[in-house]
Amino acid sequence: MAIFLIDLAPSEMERRLREALTVYVDAMRYPRGTENQRAAMWLEHIRRRGWKAVAAVEVADPAGADPSAIAGADPDSRALPAVDLSNAPMVGVAYGYPGAPGQWWQQQVVLGLQRSGFPPQAISRVMSSYFELTELHIQPRAQGHGLGEALVRRLLAGRQEDHVLLSTPETNGEANRAWRLYRRLGFTDIIRGYYFAGDPRAFAILGRALPL
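Numbering of residues begins from 1 in every chain and follows the order in which that chain's sequence is written. Thresholds applied to this predicted model are a pLDDT of at least 70 for local features of residues and 80 or more for the giving and counting of side-chain atom pairs; totals over whole chains, interfaces and linings are not thresholded and use all residues. Excluded from the side-chain calculation are hydrogens and water; included are all heavy atoms of the structure.

*Asks:* So what exactly am I meant to see when it comes to the overall build of the protein here?
*Replies:* If you tally the helices and strands in the protein, you get seven helices and eight strands. Only protein chains enter the accessibility calculation, which uses a 1.4 Å probe; a residue is then buried when its area is under 20% of its type maximum, exposed when over 50%, and partly exposed in between. Residues counted as buried form 47% of the 212 residues belonging to the protein. Note on contacts: a residue pair is in contact if any heavy atoms of the two residues lie within 4.5 Å. Sequence-distant contacts in the protein: of pairs separated by 6 or more residues, those separated by 24 or more amount to 77%. As displayed, the protein has an accessible area near 10400 Å², and 52% of this comes from carbon and sulfur atoms. Secondary structure elements follow DSSP: runs of H or I of four or more residues count as helices, runs of E of two or more count as strands, with numbering from the N terminus. To be clear on the numbers: accessible area is Shrake-Rupley with a 1.4 Å probe, and residue cover counts the displayed protein chains and nothing else.

*Asks:* I tried to follow the pattern of salt bridges on my own but got confused; where do I start?
*Replies:* If the charged atoms of two oppositely charged side chains come close together, the side chains can form a pair. Each reported salt bridge corresponds to a side-chain nitrogen of Lys or Arg within 4 Å of a carboxyl oxygen of Asp or Glu. On inspection of all chains with the given rule, the structure shows 17 salt bridges. A salt bridge links R47 to E14; its shortest N-O distance comes to 3.8 Å. Taken as a pair, R47 in the loop between α3 (34-46) and β2 (52-59) and E14 in helix α1 (residues 10-15) lie far apart in primary sequence, 33 residues in all. Taking relative accessible area as the criterion, R47 reaches 58% and is therefore assigned exposed. For E14, a relative accessible area of 37% puts it in the partly exposed group. For E170, the salt bridge is made with R192, and the minimal N-O distance between the two is 2.6 Å. Highlighted residues: E170 in the loop between β6 (163-169) and α7 (177-184) and R192 in strand β7 (residues 188-194), separated in sequence by 22 residues.

*Asks:* Whenever I open this one, helix α5 (residues 120-127) confuses me. Can you help?
*Replies:* Think of an α-helix as 3.6 residues a turn; residues three or four steps apart then line up on the same face. Among all positions of α5, only A122, I123, V126 and M127 are buried. Buried residues along α5 cover an arc of 115° about the axis, so they all sit on one side. Across from the buried face of α5, at angles greater than 90 degrees, the exposed residues are P120, Q121 and R125. Looking at the packing, one finds that the buried side of α5 touches α4 (104-115), β5 (130-138) and β6. In this description, the arc belongs to the directions extending from the helix axis to the C-beta atoms.

*Asks:* I'm lost on the environment of T134 in this one. Help?
*Replies:* Residue placement: T134 occurs in strand β5. In sequence terms T134 and S167 are 33 residues apart; their C-alpha atoms lie 7.8 Å from each other. What T134 contacts, discounting residues up to four positions off in sequence, is H45, Y95, G96 and Y97.

*Asks:* Explanation requested: the pairing of β5 in the structure shown.
*Replies:* Every regular strand shows the same layout, with side chains that alternate between the two sheet faces. Counted residue by residue, β5 has nine buried out of nine residues, so it is predominantly covered. By definition, two strands form a pair when at least two bridges between them are found by DSSP. One ladder, built from seven bridges, connects strand β4 (residues 90-98) with β5; its direction is antiparallel. Across the sheet, the residue bridging to P98 is F131, located in β5. Pairing geometry for β5 and β6, over three bridges, is parallel. Within β6, the residue paired with Y130 across the bridge is H163.

*Asks:* I keep staring at the packing of aromatic side chains and nothing clicks. Help me out?
*Replies:* How two aromatic rings sit relative to each other is set out by the distance from centre to centre and by the angle between their planes. Within 6.5 Å between ring centres, the rings of Phe, Tyr and Trp (the latter by its six-membered ring) count as paired, and their orientation is classed by plane angle as stacked under 30 degrees, edge-to-face over 60, tilted in between. Enumeration over the complete set of coordinates arrives at nine aromatic pairs. Ring geometry for Y24 versus Y30: centroids 5.5 Å apart, planes at 65°, classification edge-to-face. One aromatic cluster is present, formed by Y24, Y30, W42, W51 and Y95 through successive ring pairs.

*Asks:* Honestly, the nonpolar core in this entry has me stumped. Any pointers?
*Replies:* As a rule of thumb, nonpolar side chains are buried together in soluble globular proteins. Ranked by internal contacts, the top residues of the largest apolar core, which has 27 residues, are L136, L147 and L151. Only β1 (2-8), β2, β4, β5, α6 (147-156), β6, α7 and β8 (203-209) provide two or more residues apiece to this core. The greatest single-element share of this core, amounting to six residues, is contributed by α6. Judged by nonpolar contacts, the second largest core, of 25 residues, contains A2, M13, V23 and Y24. In this text, buried Ala, Val, Leu, Ile, Met, Phe, Trp, Tyr and Cys residues form a nonpolar core when linked through side-chain atoms within 4.5 Å.

Next up, the structure:
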């Protein structure tokens, strides 16, 4: 088997939404049926200005492919075998879009920054030009092989925003693959122990300057 990275146009994400949501549910270990609750939100995100998505797909022994490689990890790569990737099984997905006033997530983070004592100038500096890394998920069976980093790098390549921001659940000792990935990529703390409205879990808001 070989893994390839592909860009997902809005129409392709809509067509493969159920598959992408299955990756999300499996990666997060959510109960079946969660994908039905999230579908409308993901569809709304697709329509936002500057939305971008990438996916990792799996192909069985394509001619000329190195099974140990992640082809297309370099966004400028043109050396892909002549195989149809449009329906290859999806094992990873990531997407995001530029932050903007009026978005629920931005409003929540601004509120958190205010509560944490950030002065208005600092809040403006962080929130005026950023790309929100909204979702990043890898099928459990495909984790531990560098797919997360490859997807993030492809997603963020060529971005014009000053920063990238994300939120991730707090974990004792930051002891999981997501946290290790974000730290390895240079993400630092913006807010810790933040509670989004309607979610009982504590989250961290992490960010770093762009380009990656």
